[in-house]
Amino acid sequence: MTRVLIINSGSSSLKLQILDTAVEDELAWALVERIGEPSGILTVRRTDLTGMPAEERTEEPTIEDHTAALARVLELADELEVHPTELGVQAIGHRVVHGGPDFHEPVLVTPEVEADIEELELLAPLHNPANLRGIRVARDLLPGLPHVAVFDTGFFHTLPAAAHTYAIDRETARRWDLRRYGFHGTSHEFVSHRTAAVLGRPHGELNQIVLHLGNGASASAIEAGRAVDTSMGLTPLEGLVMGTRPGDLDPGLIIHLIRNRGMSPDEVSTLLNRQSGLEGLSGARDFRELLARVDEDDDDAVLAYDVVIHRLRRYIGGYWAVLGTVDAITFTAGVGENVARLRADALSTLGSWGVEIDADANENGSGERVISTPGSKVAVLVVPTDEELAIGRACDDVLGLGG
Ligand code: ADP
């Protein structure tokens, strides 16, 4: 039995789970949001897998920083008898967004690894500093445990040069490690393995397209088990339309805004990271809200939805051409798992390519499932992602805990 604490530390949030990797489920979790704002929100929950009834504590205090957040979580966990020490947690696994050119596999966090993650802050200024904060805070408050870093970019280290190279001056690119890295790799890897398991086929024999559609969104092309293309690039801005990010756009637009329209690089960064995508097009970053407004024939919401679908089709068709043959297309994450209509619309033009959705399975099922008809040339699936479980298993592997 291996018990692992998983930490996903964002700039203003902290998500924690204590997992038992043997039963593949969580004993407790905590979520802290709006860290550093006047009113934060903090929830700690014990699940009935602990052998005690499920119980939850929520409060809305001011949470100054990540140290205060974790300290309060640990106090409440103590009251609920799910403190990591009490539950026998053996390791702490961290999601780290950018692994740069060198980190391919999950690693034990040493002072050198920490310094490298810090250096990568230049490539991921919105993410890596927060991830590193999570590692440091956890080490201070839970001393004596090993820490494992699992990189969002790791699964995509197999991208061939043709897919990861930006067609810019080679010397400039080499000097500053400018290339496509890809993100959400832990999810794409996990989901592609589950897809193979559901289909009862070896992962290494399948050509797959995986669509991770949440607040952030990305697509990947996987050839015989290896990632050969993905939609995110040097940063998580490239690719599909997202909650607040535009995905692909002409870089000339950025030059134009800075040179001719008086915007500073910081203002452009805010525009592209927070005021674009669904939010920028319709004012609704949350897909549920967007769909409610589509149903009311709100013009902005309808356009936003159409842009999302158009972009998805371009990626699916493009990856199909890259792969030559496709065995499975899988939808995952908040939107991919829950929005039947988007799944149907994204694939609706592919009838002549042999893709046939089973409307009943698409609209009515739940959990891992095939949603294509038996006659469809390509299997279409919904597979819930579980990045925490994947990180927990990575801790097992790195530390040799699983036995
Ligand atoms: P992230 O992990 O990137 O924050 P998630 O994978 O949790 O994102 O996905 C969040 C998105 O999924 C939001 O846009 C949310 O509205 C959407 N979503 C979640 N559940 C549903 C649902 N039942 N119907 C429609 N959209 C949903």
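Definitions and cut-offs
Residues numbered from 1 in each chain as written. Predicted model: local features only at pLDDT ≥ 70, side-chain atom pairs only at ≥ 80, totals over all residues. Heavy atoms only, no water. Phe/Tyr/Trp six-rings, centres within 6.5 Å; stacked < 30°, edge-to-face > 60°. Lys NZ or Arg CZ within 6 Å of the ring centre and 35° of its normal. Pairing = 2+ DSSP bridges. Helix = DSSP H or I, 4+ residues; strand = E, 2+ residues; numbered from the N terminus. Expected span 1.5 Å × (residues − 1). Buried < 20%, exposed > 50% of the residue type's maximum accessible area, 1.4 Å probe, protein only. Arc of directions from axis to C-beta. Polar contact = N/O pair within 3.5 Å; in protein donor to acceptor, adjacent residues only side chain to side chain. Near = heavy atom within 4 Å. Areas by Shrake-Rupley, 256 points an atom, 1.4 Å probe, with all protein chains shown as cover. Nonpolar A, V, L, I, M, F, W, Y, C, P; charged D, E, K, R; others polar. Contact = heavy atoms within 4.5 Å. Axes fitted to C-alpha atoms, helices over the stretch in contact; angles between N-to-C directions. Parallel < 35°, antiparallel > 145°, perpendicular 65-115°, else oblique. Left-handed = near helix turned anticlockwise from the far one by under 90°.

**Student:** Explain the packing of aromatic side chains here, please?
**Tutor:** The description of an aromatic ring pair uses the distance of the two centres, along with the angle that the planes make with each other. Summed over the entire model, instances satisfying the criterion amount to five aromatic pairs. In this arrangement the basic side chain of R341 is found over the ring face of Y305, its NZ or CZ atom lying 5.7 Å from the centre.

**Student:** Which parts of the structure should I look at to understand the pairing of strand β3 (residues 25-33)?
**Tutor:** Remark: a regular strand shows side chains that alternate across the two faces of the sheet. Bridge count between strand β2 (residues 14-20) and β3: seven bridges; the pairing is antiparallel. The residue of β3 that forms the bridge with L19 is E26. Connecting β2 to the next strand, β3, in antiparallel fashion are four residues, including E24 with a positive phi near 60°. The sheet contact formed by β3 and strand β4 (residues 41-46) spans six bridges and is antiparallel. Along β4, the bridge assignment pairs E33 with I41.

**Student:** Could you clarify how one ought to interpret helix α1 (residues 66-79) in this entry?
**Tutor:** Each α-helix turn comprises 3.6 residues. Residues three or four places apart therefore point the same way. Along its 14 residues, α1 runs 20 Å from first to last C-alpha, staying within 8% of the 20 Å computed at 1.5 Å per residue. Those residues of α1 not exposed but buried are H66, A69, L70, V73, L74, L76 and A77. Take α1 and look down its axis: the buried residues cluster within an arc of 165°, on one side only. The residue sitting at the N-terminus of α1 and contributing the capping side-chain oxygen is D65; that oxygen lies 3.2 Å from the backbone nitrogen of T67. Positive backbone phi, approximately 60°, marks E81, located one or two places after α1.

**Student:** What is the right way to look at the site of the ligand in this model?
**Tutor:** The local shell around the ligand consists of G214, N215, G216, D286, F287, R288, A333, G334, V335, N338 and V339. Note that an oxygen atom of the ligand is positioned 2.8 Å from one of the backbone N or O atoms of G334. For the ligand, a nitrogen atom lies 3.2 Å from a polar atom in the side chain of N338. Protein chains shield 70% of the accessible area of the ligand, which is 580 Å² for the free molecule. Looking at the shell around the ligand, the elements that each hand over two or more residues are α10 (287-295) and α12 (333-338). Per-element tally for the shell around the ligand: the top contributor is α12, with four residues. Of the residues belonging to the shell around the ligand, the class tally is four nonpolar, five polar and two charged.

**Student:** What's the story with the pairing of strand β14 (residues 379-382) in this structure? I'm lost.
**Tutor:** Burial along β14 is two-sided: the residues A379 and L381 and V380 and V382 are all buried. Sheet analysis places strand β12 (residues 328-332) next to β14, joined by four bridges and oriented parallel. Residue F331 lies in a different strand from β14, and its bridge partner there is V382. The pairing of strand β13 (residues 369-370) with β14 spans two bridges and is antiparallel. Across the sheet, the residue bridging to V370 is L381, located in β14.

**Student:** Got a minute to help me understand the sheet that holds β14 in this structure?
**Tutor:** Strands belonging to one sheet form pairs held by backbone hydrogen bonds; the direction of such a pair is parallel or antiparallel. Sheet architecture is open: six strands sit in the order β11-β10-β9-β12-β14-β13, paired in mixed fashion. One side of each edge strand has no neighbouring strand; the edge strands of this open sheet are β11 (226-230) and β13. In this sheet, β12 lies alongside strand β9 (residues 208-213) in parallel orientation, the contact comprising five bridges. Of the residues in β12, the one forming a bridge with V210 is T330. Seen against the sheet, helix α13 (residues 340-347) touches β9, β12, β13 and β14 and runs at an angle of roughly 150° to β12.

**Student:** Would you mind going over the sheet that holds β2 with me for this structure?
**Tutor:** Taken together, eight strands build an open sheet; the order of strands is β5-β4-β3-β2-β1-β6-β8-β7 and the sheet is mixed. On the outer flanks of this sheet lie β5 (55-59) and β7 (107-108), each paired with one strand and no other. Pairing of β7 with strand β8 (residues 147-151), which is carried by two bridges, proceeds in the antiparallel orientation. Counted as the bridge partner of V107 is A149 from β8. Packed onto the sheet, α1 meets β1 (3-9), β2, β3, β4 and β5 and runs at close to 35° relative to β4.

**Student:** Sorry, what's going on with the packing of α10 against helix α11 (residues 299-323) here?
**Tutor:** Two packed helices can be described by the angle between their axes and the distance between those axes. Where α10 meets α11, the closest approach of the two axes is 8 Å, and the angle between their N-to-C directions is 120°. Viewed along their axes, α10 and α11 adopt a mutual orientation that is oblique. Classified by chirality, the crossing of α11 by α10 is left-handed. Only D300, A301, V302, A304 and Y305 of α11 make contact with α10, whose side of the interface consists of F287, L290, L291, R293 and V294. Looking at the contact of α10 with α11 residue by residue, the class counts come to eight nonpolar, no polar and two charged.

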